[in-house]
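One-letter residues, chain by chain:
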Amino acid sequence: MTFSLLPESEQGAVPSLYDPARMSQRAMTAHMVQAVWRTETGWEAPEMMPYGRISLEPTASVLHYATESFEGMKVYRGYDKKLRLFRPWLNCQRLAKSNARVCLPQFDQESLLKIIASYLAIECPRWLPEPGSNLYVRPTMIGSGSALGIQRPPEALFFLFGALFPQSTGKPSPGIKLLASDPEHIRAWPGGFGSAKVGASYGPAMVAQAKARENDCSQTLWLFGSNKLVTEAGASNFFVVWRRKDSDVVELVTSSLDTDIILDGITRRSILELARARLSADSIEANMPTLTPLEVHERPFTIDEILEAHAERRLIECFVSGTAMFVAPVSTIKYADQIVAFPMTVTEDGQKTTVSKYASILKSWLEDIMYGRENHEWAYVIDEK
Ligand SMILES: *Cc1c(COP(=O)(O)O)cnc(C)c1O
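Criteria and thresholds
- Residues numbered from 1 in each chain as written.
- Predicted model: local features only at pLDDT ≥ 70, side-chain atom pairs only at ≥ 80, totals over all residues.
- Heavy atoms only, no water.
- Helix = DSSP H or I, 4+ residues; strand = E, 2+ residues; numbered from the N terminus.
- Buried < 20%, exposed > 50% of the residue type's maximum accessible area, 1.4 Å probe, protein only.
- Contact = heavy atoms within 4.5 Å.
- Areas by Shrake-Rupley, 256 points an atom, 1.4 Å probe, with all protein chains shown as cover.
- Axes fitted to C-alpha atoms, helices over the stretch in contact; angles between N-to-C directions.
- Parallel < 35°, antiparallel > 145°, perpendicular 65-115°, else oblique.
- Left-handed = near helix turned anticlockwise from the far one by under 90°.
- Nonpolar A, V, L, I, M, F, W, Y, C, P; charged D, E, K, R; others polar.
- Salt bridge = Lys/Arg side-chain N within 4 Å of Asp/Glu carboxyl O.
- UniProt positions renumbered as here; feature names shortened; annotations may be inferred.
- Near = heavy atom within 4 Å.
- Polar contact = N/O pair within 3.5 Å; in protein donor to acceptor, adjacent residues only side chain to side chain.
- Phe/Tyr/Trp six-rings, centres within 6.5 Å; stacked < 30°, edge-to-face > 60°.
- Lys NZ or Arg CZ within 6 Å of the ring centre and 35° of its normal.
- Domains from an automatic or database assignment.
- Buried area = accessible area lost by both parts, 1.4 Å probe.

Student: In this structure, what is going on with the overall build of the protein? I would like to understand it.
Tutor: Along the protein, the regular secondary structure elements total eight helices and 21 strands. Looking at the protein residue by residue over its 385 residues, the buried ones come to 51%. A sequence separation of at least 24 residues applies to 70% of the contacts in the protein between residues at least 6 apart. Summing over all exposed atoms, the protein offers an accessible surface of approximately 18,000 Å²; the carbon and sulfur share of this is 53%.

Below, the structure is given as structure tokens:
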């Protein structure tokens, strides 16, 4: 990698953790990385340079045919001051898979991880100083070559930048509200590309997202098919905890990956692995003795199953998971004229919050790994020298 870096005196001010500028989603760190790929010559050496505009020909493939893929990851400043990524190997793997789906070039996954780490080792001492905070990182690939005919892009551009997002205040969550999608809005379908993180999935989903907002909800709960399978929520995976109809067994259920209509979320995968390892009947006693053990299932399930469980008072909690939203409990699901409202409590300082015991223990275990309270093989420590 080559470097053309700004002196500190020319870099902008670092916004404080709760600076409203972070809400704008336009607060970036000082630098980005770019690398070009061409059919004939392959990848050129990446360059770390000042954050700024990129220049494309009007005929660039991405502008016409959505040849774009991306990743969303966070880098965490530990309570021990160390810098960590969370399972970044999986992001590299997933970007390769997404690229394959939209005819973007392959790359060496280990090299990508090294590029991300070198970039962050330079950027984070200044832009991520506070223990317990994080920076959002967006590796992106686009078909940058001129291609008016429908064909594999002859040139691609990889870029990577860091965005300063609002930080968790640590206050109890009021929960998120979800609006179930209308049958005319389908996010993904078998044989489509919903299991790839590609820009083409997100633009057309914004109409449904706007409708959710109009209905006082923050995200769309994406349903699929005539039996109204529950797939994902916004750009997060979706989980439900309920008591089974025929017994007292408590289940954690999320949509399975087999039909390729949901994204294989890294947070989702980690939640499933932690729940299986620490909240099952034979392990919960040692970890969380006050909770009923969970049986973990990845399987298709329908909105009617949620409504039925709610009517029969078997519904315990729902939550969504993803790098951006992290683990967020659901307070309300709106579906046609029906409303599922989850039980709320009021905290000591008068805050209304969901009763989401499973989500909150899983979230705190993940945070322990991300911020270095627990030493775990999922953490990748970046050496800042
Ligand atoms: C990114 C994303 C997720 C969450 O994936 P993580 O790896 O957990 O961040 C879930 N669903 C969709 C549609 C996404 O784009």
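Student: Help me out: how do you make sense of unusual backbone geometry in this one?
Tutor: For residues that are not glycine, phi is negative in most cases, and the peptide bond is trans in most cases. Despite not being glycine, Gln-25 shows a phi value in the positive range, around 60 degrees. Inspection of the secondary structure puts Gln-25 in the loop between β1 (2-3) and β2 (28-38). For Arg-87, which is not a glycine, the phi torsion comes out positive at approximately 45 degrees. Tracing the sequence through the fold places Arg-87 in the loop between β7 (83-86) and α2 (88-101). The class for Arg-87 is buried, based on a relative accessible area of 9%.

Student: Could you clarify how one ought to interpret the packing of α2 against helix α3 (residues 109-127) in this entry?
Tutor: In a pair of packed helices, the angle between the axes and the distance between the axes together describe the arrangement. Close contact between α2 and α3 brings their axes to 9 Å; oriented N to C, the two are set at 125 degrees. Taken together, the axes of α2 and α3 are oblique relative to one another. The hand of the α2/α3 crossing is right-handed. Together, Pro-88, Trp-89, Cys-92, Gln-93, Leu-95 and Ala-96 of α2 and Gln-109, Glu-110, Leu-112 and Leu-113 of α3 make up the contact between the two elements. Classifying every residue of the contact of α2 with α3 gives seven nonpolar, two polar and one charged.

Student: Any chance you could explain the pattern of salt bridges here in plain terms?
Tutor: Should their charged atoms come close, side chains of opposite charge can pair. Considering all chains together, one arrives at 22 salt bridges under this definition. When the shortest N-O distance is used, the salt bridge between Glu-155 and Arg-38 registers 3.6 Å. One end of the pair, Glu-155, is in strand β9 (residues 155-163); the other, Arg-38, is in strand β2, and 117 residues separate them in sequence. Using a relative accessible area of 29% as the deciding quantity, one classes Arg-38 as partly exposed. Close ionic contact of Arg-77 with Glu-384 constitutes a salt bridge, the shortest N to O distance being 2.8 Å. Within this pair, whereas Arg-77 is found in strand β6 (residues 73-77), its partner Glu-384 is found in the segment after β21 (379-382), the two being separated by 307 residues in sequence. For Glu-384, a relative accessible area of 22% translates into the label partly exposed. Here the salt bridges share partners, and the residues they tie into one network are Arg-244, Asp-246, Glu-251 and Glu-295.

Student: It is not clear to me how the UniProt feature "modified residue: N6-(pyridoxal phosphate)lysine" (unreviewed entry) in the protein should be interpreted in this structure. Could you clarify?
Tutor: As recorded in UniProt, the feature "modified residue: N6-(pyridoxal phosphate)lysine" (unreviewed entry) lies at Lys-197. Here Lys-197 shows up in the loop between β10 (176-180) and α4 (206-214). Apart from residues lying up to four places away in sequence, Lys-197 is in contact with Ser-69, Phe-70, Glu-71, Gly-72, Arg-94, Ser-98, Tyr-202 and Leu-263.

Student: I would appreciate a short explanation of the site of the ligand in the present structure.
Tutor: Among the 14 residues in the neighbourhood of the ligand, the closest are listed as Lys-197, Tyr-202, Glu-232, Thr-267 and Thr-323. Within the side chain of Glu-232, one N or O atom sits 2.5 Å away from a nitrogen atom of the ligand. Within the complex, the protein chains bury 97% of what would otherwise be the 380 Å² of accessible surface of the ligand. Those elements that place two or more of their residues in the shell around the ligand are β13 (236-243) and α5 (266-278). Residue classes in the shell around the ligand are distributed as four nonpolar, six polar and four charged.

Student: Got a minute to help me understand the packing of aromatic side chains in this structure?
Tutor: Two measures describe an aromatic ring pair: the distance that separates the ring centres and the angle between the ring planes. Taken as a whole, this structure holds twelve aromatic pairs when the rule is applied. Measuring from centroid to centroid gives 5.3 Å for Phe-70 and Tyr-202, while their planes differ by 65 degrees, and the two rings are edge-to-face. Residue Phe-70 is found in strand β5 (residues 68-70), and its partner Tyr-202 is found in the loop between β10 and α4; the two are separated by 132 residues along the sequence. When its relative accessible area of 8% is taken as the criterion, Phe-70 is described as buried. Consider the rings of Phe-86 and Trp-378, whose centres lie 5.8 Å apart with planes at 85 degrees: the pair is edge-to-face. Residue Phe-86 is located in strand β7, and its partner Trp-378 is located in the loop between α8 (357-370) and β21; the two are separated by 292 residues in the primary sequence. Comparing Phe-86 with Trp-378, the two get one shared label, buried. Of the aromatic side chains, those joined through ring pairs into one cluster are Tyr-51, Phe-159 and Phe-161. The cationic tip of Arg-278 hangs over the ring face of Trp-365; the distance from NZ or CZ to the ring centre is 5.1 Å.

Student: Explanation requested: the domain arrangement of the protein in the structure shown.
Tutor: How big an interface is tends to be reported as the loss of accessible area on association of its parts. For the protein, the domain assignment lists domain 1 (2-167) and domain 2 (176-370). Here the C-alpha centroids of domain 1 and domain 2 sit 29 Å apart. Across the boundary between the two partners, domain 1 contributes 20 residues, which contact 22 residues of domain 2. Summing the contributions of domain 1 and of domain 2, the shared interface buries around 1,900 Å²; its carbon and sulfur component is 61%. When the area that domain 1 buries against domain 2 is broken down by residue, the three leading residues are Phe-86, Arg-94 and Arg-101, summing to 32%. The interface formed by domain 1 and domain 2 includes one salt bridge. With a closest N to O distance of 3.3 Å, Arg-87 and Glu-273 form a salt bridge. Linking domain 1 to domain 2 there are ten residue pairs in polar contact (both at pLDDT 80 or more).

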